[in-house]
Amino acid sequence: MKERIYLDYAATTPVDPRVVERMLPFFTGTFGNPSSVHWFGQQAEAALESARETVASALGAQADEIVFTSCGTESDNLAIRGMAFTQRERTGAQRIITTPVEHHAVLHTVEQLAELNGFKMDLLPVDQYGMVDPEDLRHALRDDVALVSIMYANNEIGTINPIAEIGKLCLQRGVPLHSDAVQAAAHLPMNVVRDQIDLLAIGAHKFYGPKGVGALAVRKNVGLHPSQTGGGQENGRRAGTQNIPYIVGLAEALKLTVDDLEARRQRYTARRDRLIAGVLGNVSGSRLTGHPTERLPNHASFAFERLDGNHLLMLLDAAGFACSSGSACKVGDPKPSSVLNAIGLSQAWTLGSLRVTLGESTTLDQIESFIEVLPSLVTKVRGAA
Ligand SMILES: *Cc1c(COP(=O)(O)O)cnc(C)c1O
């Protein structure tokens, strides 16, 4: 059987076996409902609160500021919807400032608030690397802003935003800041106090935790309309019986990640830089997308001139390499990446994106064989056009 090489860790990661171990008892033995008064409930409640403390300390937050959700997408939705409605009630503010390179969990949420609920969406420009210039935000922060939502690090092109500067500006103007840190939390030290982030969203499956569980850090002084109503779980911010095994898994995965952050950064950076040099050196009409240095340590992304990126992905898959375009489009119906449009790439480039993201089991040998195989596949795709 051909070796299959997974290079799509920004899409999802396998669950760390140590995380699985921690989760298992909570499916059967410790199965209680944490809202129950009896012993079974209290056991579950203790696990829940201990997970909450672990997550809080990993994010520089207080335990009662952590809300568990069903995924990163839900955390983004809860933050944006919850805050937009709260702020409008409080101040009448209607504008939501965000960027054109956000994940759809953010962009489509703000778009819907604009379409159905009378909010106004303001898109900040981003530079050629997809980075926000705090000066642009400063000018956009007029009086009628309900909320700012700017991602910590970009999933498609890996660029890290100057989020602490952004946080400072928002604090000065008294406008709440939400940041989608679903990619960033896997690789960068998070601290909501240092960065002045009011609402920080994470999802476990990007850092070797299970799919279907996420968290939102909500700073104490910040009010938030629940987007899911029912029981009073999660301090009344997210109704529904908590998924204890998955929450325990999220906390364990985050703890393991944070403990190993610096070592991982070093392991990844060397391989990533070899990958970037190898691709740019061996493939004509190629360029790096996203920032050359202010980028996630495991993240390489490229654009190729005059190339159908999805066709390339298929050939890579057939050759045993699992990669991504970073954007969602179908073979035969190529659509330009809106992120690549936003960073100013011309039509000749926006169809040919490739994202290669490294993980714990990625070896230098795998990188070398990827670099070896890629040029001929690119030539083949260009020849077929
Ligand atoms: C994966 C991802 C999400 C969505 O998280 P889910 O847990 O899959 O819902 C949101 N934002 C970013 C930046 C992501 O990478």
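First, a word on what this report is: a plain description of the structure on this page. All figures in this text were calculated on a predicted structure; none of them were measured in a lab. (Residues numbered from 1 in each chain as written. Predicted model: local features only at pLDDT ≥ 70, side-chain atom pairs only at ≥ 80, totals over all residues. Heavy atoms only, no water.)

## A look at the packing of helix α3 (residues 72-91) against helix α4 (residues 104-117)
Logical step 1: Relative orientation of the contacting elements α3 and α4 amounts to 35°, with a least axis distance of 9 Å. Between α3 and α4 lies a crossing of right-handed hand. Together, T73, D76, N77, I80, R81, A84, F85 and R88 of α3 and A105, V106, T109, V110, Q112, L113 and N117 of α4 make up the contact between the two elements.
Logical step 2: Of the residues belonging to the contact of α3 with α4, the class tally is seven nonpolar, five polar and three charged. (Axes fitted to C-alpha atoms, helices over the stretch in contact; angles between N-to-C directions. Helix = DSSP H or I, 4+ residues; strand = E, 2+ residues; numbered from the N terminus. Left-handed = near helix turned anticlockwise from the far one by under 90°. Contact = heavy atoms within 4.5 Å. Nonpolar A, V, L, I, M, F, W, Y, C, P; charged D, E, K, R; others polar.)

## Side note on the sheet that holds strand β9 (residues 286-288)
Logical step 1: Taking strand neighbours across the sheet as the criterion, the three strands line up as β9-β10-β12 in an open arrangement whose pairing is antiparallel. Edge strands, defined here as strands with exactly one partner in the open sheet, are β9 and β12 (353-357). For this sheet, the mean angle separating the axes of adjacent strands, direction not counted, is 25°.
Logical step 2: As paired strands, β9 and strand β10 (residues 299-304) are joined by three bridges and run antiparallel to one another. What sits directly across from R287, in β10, is A303. (Pairing = 2+ DSSP bridges.)

## Looking at the site of the ligand
Logical step 1: Around the ligand, the neighbouring residues are C71, G72, T73, D76, H103, N155, D180, V182, Q183, H205 and K206.
Logical step 2: One nitrogen or oxygen atom from the side chain of H205 is found 2.8 Å from an oxygen atom belonging to the ligand.
Logical step 3: At a separation of 2.8 Å, an oxygen atom of the ligand approaches a polar side-chain atom of K206.
Logical step 4: Protein burial of the ligand: of its 380 Å² of free accessible surface, 89% is covered by the chains.
Logical step 5: When residues of the shell around the ligand are assigned to their parent elements, the largest contribution, three residues, is made by α3.
Logical step 6: Broken down by class, the residue content of the shell around the ligand amounts to two nonpolar, six polar and three charged. (Near = heavy atom within 4 Å. Polar contact = N/O pair within 3.5 Å; in protein donor to acceptor, adjacent residues only side chain to side chain. Areas by Shrake-Rupley, 256 points an atom, 1.4 Å probe, with all protein chains shown as cover.)

## A look at the pairing of strand β5 (residues 145-149)
Logical step 1: β5 sits mainly inside the fold: five of its five residues count as buried.
Logical step 2: Two strands pair when backbone bridges link them, and strand β3 (residues 95-98) and β5 are joined in this way by three bridges, in the parallel orientation. In the sheet register, I96 faces β5, and the bridge partner there is L147.
Logical step 3: As judged from the two bridges shared by β5 and strand β6 (residues 177-180), these two strands associate in the parallel manner. Looking across to β6, one finds that S149 is bridged to H178.
Logical step 4: A crossover connection joins β5 to the parallel β6 through helix α6 (residues 163-173); in handedness this β-α-β unit is right-handed. (Buried < 20%, exposed > 50% of the residue type's maximum accessible area, 1.4 Å probe, protein only. Right-handed = clockwise from strand over helix to strand, strands pointing away.)

Read these as geometric descriptors, not functional statements.
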